[in-house]
Every structure is written in C-alpha cells, then in structure tokens.
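Next come the chains, spelled out residue by residue.
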Amino acid sequence: MADKIVVLVHTEPDGSLAKSGFEAVGTGKALAGALGTAFSVGLVGKEVQGAADVLASCGAAAFFGVSGPDFADARYGSDAGAVEALIKAAGASVVVATGTSRFARVLAGVAGRLNGRVDSHVTKAVAEGDSPAVTRWFYRQRIEAGIKRTQRPWIISIDPGSQVPWKGEKGSGKVEAVAVSLSDAAKSAKVTGIKAPTADQQTIRPDADLLLVAGAGWTKKQADGNIHVDDAAKLILDFLSKSRASLGGSKSAVDMSGEGGAALPFMTHLHQVGQTGATPRHLKGLATCCHGEEPHVVGWRFITERRAINLNAGCGWAQGKTDVLYVADAFEVMRKVNERLKPK
Ligand SMILES: Cc1cc2nc3c(=O)[nH]c(=O)nc-3n(C[C@H](O)[C@H](O)[C@H](O)COP(=O)(O)OP(=O)(O)OC[C@H]3O[C@@H](n4cnc5c(N)ncnc54)[C@H](O)[C@@H]3O)c2cc1C
C-alpha cells in the first residue's frame, strides 16, 4: 500500500515559520511527488492559521493543526501529545518533521508510543521504487549511510540547513483543528521564562548566509612583534554585528583559553569547525588567520563558496581548498571591510 505522508512543523512564538519549516515542507512535497502520493501538513504552535496561509499553495491535501496557549512553548508533554495526535489525524505512515531542537526532544518518544521508528539528521529523502529512502551522516560526517525501513510509522527528521526551502504564493489554508487532551502532569510543567544570550552575544547563527572562521593567527604575534588580541576581538565582533554572519573557530583558536594563552574572549568549543568540531552549512565561508587542513577539508565540506585571508601564500587553504585566497593581513582587510559595511 502506498505510504501516506505528513510534514510536521511548529510555528515560532510570533506565529511565523522558520526556514527549517519551509525546508521540511519542500522535502515532504518532493518525496510525495517522487512516490506519486499525496501529503498533508501538521502544524503545532500557539497560532497556526498564519502558517497554513503561508503554505496554502504548497500542494498539501490537508492542513491539520494543534494550537492554543498550551502549545506555545516547547514542553515534552504537550509537544509529544500534539505530534502523536497529528500523525494519527493524518493517518500517516511516513512523517517528515523539521529537525529543530524542539521537535528533536519528542520525536523518538512519539515513535516509541506508536511502535514506529525514527531517523534524525536526515539530509536527503528520495523514492526508491515505491518506498522512501533516506540519507544521513555518521561519525562526524565521515560516513554517509542510506537507510530504508519497513516499520511504520517512520518518522524522518530533516537536518535544518540541508534542504532547499519551499517557496510559493500565500493564500488561505483551511486548518482542521485536532484536539489533544493533556494529562495533569503535562499541564503542570510551566515554562516560566527563557534564559538565552542576547542576539549580539549569540554568535553561532545557523541561518546566516556567511560563516566567518577565526583561526589562532588572530592571537599570535604580529609584524610589530606584539599580540593584538583586543583589536582582533573588536574587529571580529564589529564584523559579526554588521554582517550578522555566524562565527566559527579553528581548534587552535577555541583551545587558546584553556591553555592560558591570549584568547578571543567570545570563542567557545561550540564554535569549533572541523573533523572534531561542527560541519556547518552556510552558503559562504570566509576563513581568517586560519591555516589548518582539518577545519577546511572536513569542517567546510558543505560550504558552497569559500574564501580565506592569510599572510602565508602556502597555507593549507592555498592548496586548492579555497575558491579565493587573499594573501594579506587579516587585521587590515577586516578593518577596511568593516568601514564599508553598513549595519544590517
Ligand atoms: C585528531 C585531530 C583532530 C583535529 N580536529 C580539528 C578540528 O576539528 N578543527 C580544527 O580547526 N582543527 C583541528 N585539529 C587541529 C588542526 O590540525 C590544526 O592544528 C588547527 O586547525 C590549526 O589552527 P589554526 O589554523 O587556527 O592555527 P595555526 O596553525 O597557528 O595558523 C594560524 C594562521 O594564521 C595566519 N596569520 C597570522 N597572523 C595573520 C594575519 N595578521 N593575517 C592573516 N593571517 C595571519 C598564519 O599565517 C597561520 O597560517 C585537529 C587535530 C587533530 C590531531
């Protein structure tokens, strides 16, 4: 029997959909097209009508919604109840869900409740014959695996940033409201507030177009024989605040603080890109004062357009890993770039 597909997305606090939501819709739609089957969309959030309107022309056979104040915030009991109810309402055997941290917390639990299976971090979903087949990476993006399953429902969560977002005309989406009865235990958990760094302090921005990677060179002795870490920090933060780029670091740059050397104060281990760090998916990358092969060959494999600034024409980047290498002083280049940039 042909699979029935539902795409599950949640709305943001203002009722909008994040880019990752559009990516899940694009993937579910393409998969349904390849399998020759219909798909529906399931929405969770305080408000869902606006999102249904934005997705009105996506080709979904139906929109199902779980909404209300109980579903405004990420909370295990309410989100798991909502996801379970939406899968049942859609009668879905294959679930394409947005792989946000909010859904990542509940999808495995829901798969357990429904005696199904779940695969996370999926980067490709295609039809093989009349069944879906997915791809994901293992072991720090070194091994790519193809997965097919017979168990249903099969929940597939899509890695944000890995897909082309669906785009289309706004219209009016008719939402079929799905009721969820929450247990007292689920209701008793209250979100009292969110503690998060302010937008300017938060320098890891997966949705940015550009990734700036800062290497250890920023903290090394410069031509005048002195270290200029304060200048470096100002130049980098100024660039990030004006361009809204995301920040990455080489292993050497992020290890500096632990080794007691002069360090960029905002650099943490979460910023590290490379074979033992993250593998970001920004469209463009600019590496500065960074020599290492690991961050570039492994860490940047999904970056489409790559440039670097290094004093050394023979640095790892010059060996065919970058599209453009500026052999120059990154302090001077970034100062000039910042002068030209207008704040976003
Ligand atoms: C098992 C293993 C796993 C590893 N995993 C990772 C990983 O995940 N990620 C990672 O990054 N590394 C990783 N490494 C470390 C990696 O091999 C390199 O040591 C590291 O990436 C080097 O960092 P860097 O280029 O910032 O520093 P450096 O090698 O010190 O290079 C600094 C660069 O800055 C340049 N520079 C200095 N001043 C300026 C200036 N004013 N303008 C322009 N350029 C300037 C210099 O020319 C130099 O090229 C790993 C190593 C091992 C053994």
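Since we're looking at a predicted model, the values are computed, not measured. (Residues numbered from 1 in each chain as written. Predicted model: local features only at pLDDT ≥ 70, side-chain atom pairs only at ≥ 80, totals over all residues.)

Caption draft 1: Expanded view of the overall build of the protein. Scanning the protein from terminus to terminus reveals nine helices and 14 strands. On C-alpha atoms alone, the protein measures out to a radius of gyration of 23 Å, which is about the 20 Å that the 2.2 N^0.38 rule sets for 344 residues. Out of the 344 residues in the protein, the part that is buried amounts to 41%. (Helix = DSSP H or I, 4+ residues; strand = E, 2+ residues; numbered from the N terminus. Rg over C-alpha atoms; globule rule 2.2 N^0.38 Å. Buried ≥ 20, exposed ≤ 12 C-beta atoms within 10 Å, placed from the backbone.)

Caption draft 2: The arrangement of the sheet that holds strand β4 (residues 94–98) in detail. Pairing within the open sheet is mixed, and its nine strands lie in the order β7-β6-β5-β8-β4-β1-β2-β3-β9. The outermost strands of the open sheet, each flanked by one partner alone, are β7 (143–147) and β9 (175–177). Here the strands of the sheet are splayed against their neighbours by 35° on average, with no regard to which way each runs. Pairing analysis gives three bridges linking strand β3 (residues 63–67) to β9, with the strands arranged parallel. In the strand pairing of β9, Phe63 is matched with Val175. (Pairing = 2+ DSSP bridges. Axes fitted to C-alpha atoms, helices over the stretch in contact; angles between N-to-C directions.)

Caption draft 3: Seen up close, the environment of Gly225. Relative to the helices and strands, Gly225 is located in the loop between β10 (210–214) and α6 (229–243). Here the alpha-carbon distance between Gly225 and Ile236, two residues eleven residues apart in the chain, equals 21 Å.

Caption draft 4: Representation of the pairing of β4 within the structure. Of all five residues in β4, five are buried, a share of seventy percent or more. Here β4 shows no split at all, with Val94, Val96 and Thr98 on one side and Val95 and Ala97 on the other all buried. Sheet topology places strand β1 (residues 5–10) next to β4; four bridges connect them, and they run parallel. Residue Val7 lies in a different strand from β4, and its bridge partner there is Val96. Bridge count between β4 and strand β8 (residues 154–158): five bridges; the pairing is parallel. Across the sheet, the residue bridging to Ala97 is Ser157, located in β8.

Caption draft 5: Focus on unusual backbone geometry. Here Arg152 and Pro153 are connected by a cis peptide whose omega angle stands at -5°. Residue position: Pro153 is located in the loop between β7 and β8. For His121, which is not a glycine, the phi torsion comes out positive at approximately 55°. Following the sequence through the fold, His121 ends up in strand β5 (residues 117–128). For Arg244, which is not glycine, the phi dihedral falls at a positive 60°.

Caption draft 6: Structural context of the domain arrangement of the protein. Along its sequence, the protein is organised into domain 1 (5–188) and domain 2 (210–340). Averaged C-alpha coordinates put domain 1 and domain 2 at centres separated by 36 Å. Across the side of domain 1 that touches domain 2, the residue classes tally to no nonpolar, three polar and one charged. (Domains from an automatic or database assignment. Nonpolar A, V, L, I, M, F, W, Y, C, P; charged D, E, K, R; others polar.)

Caption draft 7: Expanded view of the packing of α6 against helix α9 (residues 330–340). Close contact between α6 and α9 brings their axes to 10 Å; oriented N to C, the two are set at 35°. The chirality of how α6 crosses α9 is left-handed. Contacts between α6 and α9 involve Asp231, Leu235, Asp238, Phe239 and Lys242 on the former and, on the latter, Phe331, Met334, Arg335, Val337 and Asn338. Classifying every residue of the contact of α6 with α9 by side-chain character gives five nonpolar, one polar and four charged. (Left-handed = near helix turned anticlockwise from the far one by under 90°. Contact = placed C-beta atoms within 7 Å.)

Caption draft 8: Inspection of the site of the ligand at higher detail. Looking at the ligand, there are 29 residues lining it, with Gly215, Gly217, Gly274, His291 and Gly292 nearest. When contributions to the shell around the ligand are tallied by element, the ones reaching two or more residues are α7 (251–255), α8 (293–297), β13 (305–310) and α9. Residues of the shell around the ligand, tallied by class, amount to ten nonpolar, 15 polar and four charged. (Near = placed C-beta within 6 Å.)

Caption draft 9: The arrangement of the nonpolar core in detail. If you look at the biggest cluster of nonpolar residues, it comprises 54 residues, and the most contacted ones within it are Val6, Val7, Val83, Leu86, Val95, Val96 and Ile156. The dominant element in this core, judged by the number of residues it contributes, is helix α3 (residues 76–90), at seven residues. (Core = buried A, V, L, I, M, F, W, Y, C linked by C-beta atoms within 7 Å.)

Caption draft 10: Layout of helix α1 (residues 19–35). Between its first and last C-alpha atoms α1 spans 24 Å; for 17 residues at 1.5 Å apiece the expected length is 24 Å, and the two agree. With its phi angle positive at about 70°, Gly36 sits one or two positions after the end of α1. (Expected span 1.5 Å × (residues − 1).)

Caption draft 11: Molecular detail of the environment of Pro153. Residue classification places Pro153 among the buried positions, given that 24 C-beta atoms sit within 10 Å. Placed 150 residues apart in sequence, Pro153 and Asp3 show a C-alpha to C-alpha distance of 9.4 Å. In this structure, Pro153 is in contact with Ile87, Ala92, Ser93, Val94, Val95, Leu114 and Gly116, ignoring residues within four places of it in sequence.

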